[in-house]
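Structural description and commentary
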Amino acid sequence: MAISDEDYWDEVEGDQDMEDKRATEYGGEKELAENRGLVWEQCEDGSTWVILPPYRVSMPSAVIHFVGGAFFGSSPNIWYKSLLEGIVEDTECAIVVTSIPVTLFKNPLQHVALSRKIQRQFQTAYMNVLEDEYGPEIVSVPVAAMGHSLGARLLVVTSTLSPMKNTPVPQFRSYILMSFNNFGASASIPGVRQLLEERKSLDYNGAKQEGKRQRTTGWGWGGGTEEEEDDWKELEDILRREADRFRDALTPQSQELEFYPSPAQLWNAISQHRRYNISQTLLVQFQDDEVDQTSRLARSLKNGSSDLRYASLRGDHLTPVSVAGDRNGEDWLRLPTFSSPQTLLSKLVQSKSSHKKALQAMMDLRNSIGCYITDVVVGGRNAQE
């Protein structure tokens, strides 16, 4: 049966074939961020973490719910570690980090169900971890959410849904949306193809200078072996096959292979039906982001009730992503699904994120978000008091 634009936000809550139906429990593993005094508390579901500020902080300044992008959001404790720990250091907030099951080989289409799931994970982690750690006074701390790419879309979907009933967790006061995009299922993982194109360009320039296929400048990636080149081709083939599979199947009679809500449904919910219910919003757009739709989102929210702030920063779609590496320099080996293409993608991200321009862009982003949390999320609470 066809589903109208108006219907999706009033659906009865349910997982709708989501795999993991377990509630988040307190009592998982703890990891101390080296030399930072920050604690990563992993919940028992294995897909939710809570980053606590240093022990000297008696109460977090704010509670932030973070959701990452396609593929990278599946292991946010690795891909977004540098950004999130920097924000906690700068603002003394606590961050609840929920992963999403979107990888090179898996892409759930039911975004209403996925949004509900990560919303429940956040609420359960809030009650079982933060209330246990800080007591009932934690409810006086402002709550905000932060998303990157697909994570930003899922947060916007959440904002348009009917409120969940019987939850003691405070409502979100603010959203921080980085690199928002509302493309359909036929799109590939945002930012990855741009990374591959940049790598090809650097390889080509290196070949012209050296007379052989070897990079000598840029991100510092050395000449690849024949086996590595085969793996790069496999990664590109995976991305192309996934995009072609959806693109070929998407016809007027096969809407079941599109995201739900579809891009059109979500745009209508925001601009026509005014379902977006977040009072304060920071929109972050990167100047070299080829897949960003933040400007359209800003126009759609312009006449709504949200207090909009806008940050245009240097960088690209994957500026929030990095792989700092552990002491052995191989942090990506901790990824739950290990394959040669994923390993090479991890190496490429690590090489890019260690470049001077990328480090500067990451610092700009960290400073902008930190100032917003301090001045608006926390400052707004203090002004009201």
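**Side note on the overall build of the chain**
- When helices and strands are counted, the chain shows 10 helices and 9 strands.
- Per-residue burial for the chain yields a buried fraction of 55% across its 385 residues.
- Here the contacts in the chain between residues at least 6 apart in sequence split such that 80% fall between residues at least 24 apart.
- For the chain, the accessible surface area stands at approximately 17100 Å², while carbon and sulfur atoms represent 46% of it.

**A look at helix 8 (residues 294-301)**
- Among all positions of helix 8, only T294, L297, A298, S300 and L301 are buried. End-on, the buried residues of helix 8 take up no more than an arc of 165°, which puts them together on one face.
- Packing partners of the buried residues in helix 8 comprise strand 7 (174-178), helix 7 (263-271), strand 8 (280-286) and strand 9 (307-313).

**A word on the packing of aromatic side chains**
- The tally for this structure, following the rule as stated, stands at 9 aromatic pairs.
- Summarising the aromatic geometry, the rings of F71 and W79 are spaced 5.5 Å apart at their centres and angled 50° between planes, so their arrangement reads as tilted.
- With a centroid separation of 5.9 Å and an interplanar angle of 75°, the aromatic rings of F180 and W267 are classed as edge-to-face. In this pair, F180 sits in the loop between strand 7 and helix 5 (192-210) while W267 sits in helix 7, placing the two residues 87 residues apart along the sequence.
- Its relative accessible area of 0% is what places F180 among the buried residues.
- Overall, the relative accessible area of 6% leaves W267 in the buried class.

**Structural notes on unusual backbone geometry**
- Residue P261 is reached from Y260 by a cis peptide bond, and omega for that bond is 5°.
- Tracing the backbone through its elements, the reader meets P261 in the loop between helix 6 (226-249) and helix 7.
- Positive phi is not limited to glycine here, since E92 has a value of about 60°.
- Owing to a relative accessible area of 30%, E92 belongs among the partly exposed residues under this scheme.

**Here's the deal with the nonpolar core**
- Among the nonpolar cores identified, the biggest contains 49 residues, and L130 and L177 are the most heavily contacted of them.
- With 9 residues, the top contributor of residues to this core is helix 3 (residues 111-134).
- Leaving out residues up to four positions away in the same chain, L177 has contacts with G147, A152, L155, V156, Y276, T281, L282, L283, V284 and L297.
- By size, the runner-up hydrophobic cluster in this structure holds 39 residues, among which are I64, L83, Y372 and V378.

**A few points about the pairing of strand 4 (residues 63-67)**
- Most of strand 4 sits inside the fold, with 5 of its 5 residues counted as buried.
- Note that strand 4 and strand 6 (residues 143-148) share 5 bridges and pair parallel. Paired with V63 across the bridge in strand 6 is V143.

**Comments concerning the environment of G46**
- Examined against the element boundaries, G46 turns out to sit in the loop between strand 2 (39-42) and strand 3 (48-52).
- As for G46 and S99, which are separated by 53 residues in sequence, their C-alpha atoms are 9.1 Å apart.

**Re the side chain of T160**
- Within the fold, T160 resides in helix 4 (residues 150-160).
- A distance of 2.7 Å separates a polar side-chain atom of T160 from the backbone oxygen of V157.
- If near-sequence neighbours (up to four positions away) are discounted, T160 is found in contact with Y8, W9, L266, A269, R275 and Y276.

**Quick notes on the packing of helix 3 against helix 4**
- Their axes nearest at 9 Å, the elements helix 3 and helix 4 cross at an angle of 90°. Taken together, the axes of helix 3 and helix 4 are roughly perpendicular relative to one another. Residue-level contacts link H111, V112, L114, S115, I118 and Q119 of helix 3 to L150, R153, L154, V157 and T158 of helix 4.
- In terms of residue class, the contact of helix 3 with helix 4 is made up of 6 nonpolar, 4 polar and 1 charged.

**Points about the environment of T160**
- Using a relative accessible area of 0% as the deciding quantity, one classes T160 as buried.
- When the C-alpha atoms of T160 and I270 are compared, they prove to be 7.5 Å apart, with 110 residues separating the residues in sequence.

**Here we look at the confidence of the model for the chain**
- Within the chain, residue pLDDT values average 77, and 62% of them lie at 70 or more.
- Confidence drops under pLDDT 50 across residues 249-254; counting only partners more than four residues distant or on other chains, this segment forms 5 contacts.
- Low pLDDT, under 50, characterises residues 326-330; the stretch is placed with 3 contacts to residues that sit more than four places away or in other chains.

**Regarding the environment of Y126**
- Tracing the chain through its elements places Y126 in helix 3.
- Exposure remark for Y126: the relative accessible area of 0% places this residue in the buried category.
- Counting along the chain gives 63 residues from Y126 to V63, while the straight-line C-alpha distance between them is 8.7 Å.
- In this structure Y126 touches V63, E131, I138, V139, V143, V169 and P170, once residues within four positions along its chain are discounted.

The rules we used
- Residues numbered from 1 in each chain as written.
- Predicted model: local features only at pLDDT ≥ 70, side-chain atom pairs only at ≥ 80, totals over all residues.
- Heavy atoms only, no water.
- Helix = DSSP H or I, 4+ residues; strand = E, 2+ residues; numbered from the N terminus.
- Buried < 20%, exposed > 50% of the residue type's maximum accessible area, 1.4 Å probe, protein only.
- Contact = heavy atoms within 4.5 Å.
- Areas by Shrake-Rupley, 256 points an atom, 1.4 Å probe, with all protein chains shown as cover.
- Arc of directions from axis to C-beta.
- Phe/Tyr/Trp six-rings, centres within 6.5 Å; stacked < 30°, edge-to-face > 60°.
- Core = buried A, V, L, I, M, F, W, Y, C linked by side-chain atoms within 4.5 Å.
- Pairing = 2+ DSSP bridges.
- Polar contact = N/O pair within 3.5 Å; in protein donor to acceptor, adjacent residues only side chain to side chain.
- Axes fitted to C-alpha atoms, helices over the stretch in contact; angles between N-to-C directions.
- Parallel < 35°, antiparallel > 145°, perpendicular 65-115°, else oblique.
- Nonpolar A, V, L, I, M, F, W, Y, C, P; charged D, E, K, R; others polar.
- pLDDT = per-residue confidence, 0-100.

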